[in-house]
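Below, each chain spelled out in residue letters.
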Amino acid sequence: MLSKSSYILLYSILLFSACEEKVDLDLNADSGRVVIDAQLSDASNVQRIRVSQSVAIDAEAGSTAVKSATVTVKDNLNQNYSFQHEKDGYYINRNFKPVVGRKYSLHVGVQKKQFESSSTMPAYINVETTRIIEKEIAGKTYFFIALSFKDPAKFANYYMYTLSINGKEFRFASAESDQFNDGLQVTHYISDLERSLSHGDKLKLRRYCVDAGTFHYWNDYQSTNLSTAAPGNPKSNISNNALGYFSVAPVKEYELLIP
């Protein structure tokens, strides 16, 4: 284990601009299925939702933008938030910051089809310590970000992580739950086993505290895509046979340096 005081550049910040994460939402998708990528957070007042359609698996692009959808989000206090198309299938609302504890409902119309989902925004669970460690797996050394915290007792908690290496795009890293450690002191070990981490790498980790539907989507993704040679589509929490997911979650970002 590396010395925290000597080796790690670390700070935690709330994000102040909207996030665009690298995720593969339409693996092995049937041509023509609607793909909705709706990750909302308290990082910013600007929220983005992308609507596209999947194409044939041998096509050059994985999806094509849908530019004429209707996209709205409504909370349980009957406040409506309209999203306007700007470019490349991205629908934007620039004055919407989700609130912990509220339930949000997504409504997307594409031609004559309607797609719906809902997500309740959990509270953020603070991290107590963050450090870099090394682990040997199958004779090879890997670097991990280790985050330690106290899991709240008697309540189901779920977490999702994305990771950026040296300023590159954020990619999904891990989904975690407290199924076996409810109320305990917990450490999550986060890495990217598909990309090598090396001395001198600058890491940015985004930690989302998500609801059950979001966790099950990403847990399905990591079970069927990160450990098998035949990737598949995770089960969406959006109705009407859509691909993708809808999530409203608090997020914080952590920066670390591998010495």
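1. Structural notes on the pattern of salt bridges
No. 1: Evaluated as defined, the whole model comprises six salt bridges.
No. 2: For the salt bridge of Arg206 with Glu253, the shortest nitrogen-to-oxygen distance reads 3.1 Å. Of this pair, Arg206 sits in strand E16 (residues 202-210) while Glu253 sits in strand E18 (residues 251-257), and the two are 47 residues apart along the sequence. For the pair Arg206 and Glu253, one class covers both residues: buried.

2. Focus on the packing of aromatic side chains
No. 1: In this structure the tally under the stated criterion is eleven aromatic pairs.
No. 2: Ring centres of Phe83 and Phe96 lie 6.3 Å apart, and the angle between their planes is 80 degrees; this geometry places the pair in the edge-to-face category. In this pair, Phe83 sits in strand E7 (residues 80-87) while Phe96 sits in the loop between strand E8 (90-93) and strand E9 (103-110), placing the two residues 13 residues apart along the sequence. In this pair, the class of Phe83 matches that of Phe96, namely buried.
No. 3: Here the aromatic rings of Phe172 and Tyr221 are separated by 5.4 Å at their centres, their planes lie at 85 degrees, and the arrangement is edge-to-face. Here the residue Phe172 occupies a position in strand E14 (residues 170-177), and Tyr221 occupies one in helix H2 (residues 212-225), the gap between them amounting to 49 residues. In this structure, Phe172 and Tyr221 share a single accessibility class: buried.
No. 4: By the ring-pair criterion, three or more aromatic residues cluster together here, those being Phe172, Tyr217, Trp218, Tyr221 and Tyr245.
No. 5: Sitting above the plane of the Phe144 ring, Lys135 keeps its charged end 5.5 Å from the centroid.
No. 6: Residue placement shows Lys135 over the ring face of Tyr189; its charged tip is 3.8 Å from the ring centre.

3. Here's the deal with the pairing of strand E3 (residues 34-41)
No. 1: The element E3 is extensively covered by neighbouring structure, given that seven of its eight residues are classed as buried.
No. 2: One ladder, built from four bridges, connects E3 with strand E4 (residues 47-54); its direction is antiparallel. Across the sheet, residue Val35 finds its bridge partner in E4, namely Ser52.
No. 3: Counting the residues in the hairpin turn of E3 and E4 gives five residues.
No. 4: When E3 meets strand E17 (residues 243-249), the two strands line up parallel, connected through seven bridges. Paired with Asp37 across the two strands is Tyr245, which belongs to E17.

Thresholds, definitions, all that
- Position labels on residues start from 1 in each chain and follow its written sequence.
- With the structure being a predicted model, the display of local features is reserved for residues of pLDDT at least 70 and the display and counting of side-chain atom pairs for 80 or more, all residues being used for whole-chain, interface and lining totals.
- Here the side-chain values reflect all heavy atoms present in the structure, with hydrogen atoms and water set aside.
- Any carboxyl oxygen of Asp or Glu within 4 Å of a side-chain nitrogen of Lys or Arg constitutes a salt bridge here.
- Put simply, DSSP marks the helices as runs of H or I at least four residues long and the strands as runs of E at least two long, and each gets a number from the N terminus on.
- Relative accessibility under 20% of the residue-type maximum defines a buried residue, over 50% an exposed one, and the middle range a partly exposed one, all with a 1.4 Å probe and only protein chains included.
- Think of it this way: a Phe, Tyr or Trp ring, Trp meaning its six-membered ring, pairs with another when their centres are within 6.5 Å, and the plane angle makes it stacked under 30 degrees, edge-to-face over 60, tilted otherwise.
- In this scheme, the term charge over a ring applies when either NZ of a lysine or CZ of an arginine sits within 6 Å of the ring centre and within 35 degrees of the ring normal.
- For two strands to count as paired, DSSP must find a minimum of two bridges between them.

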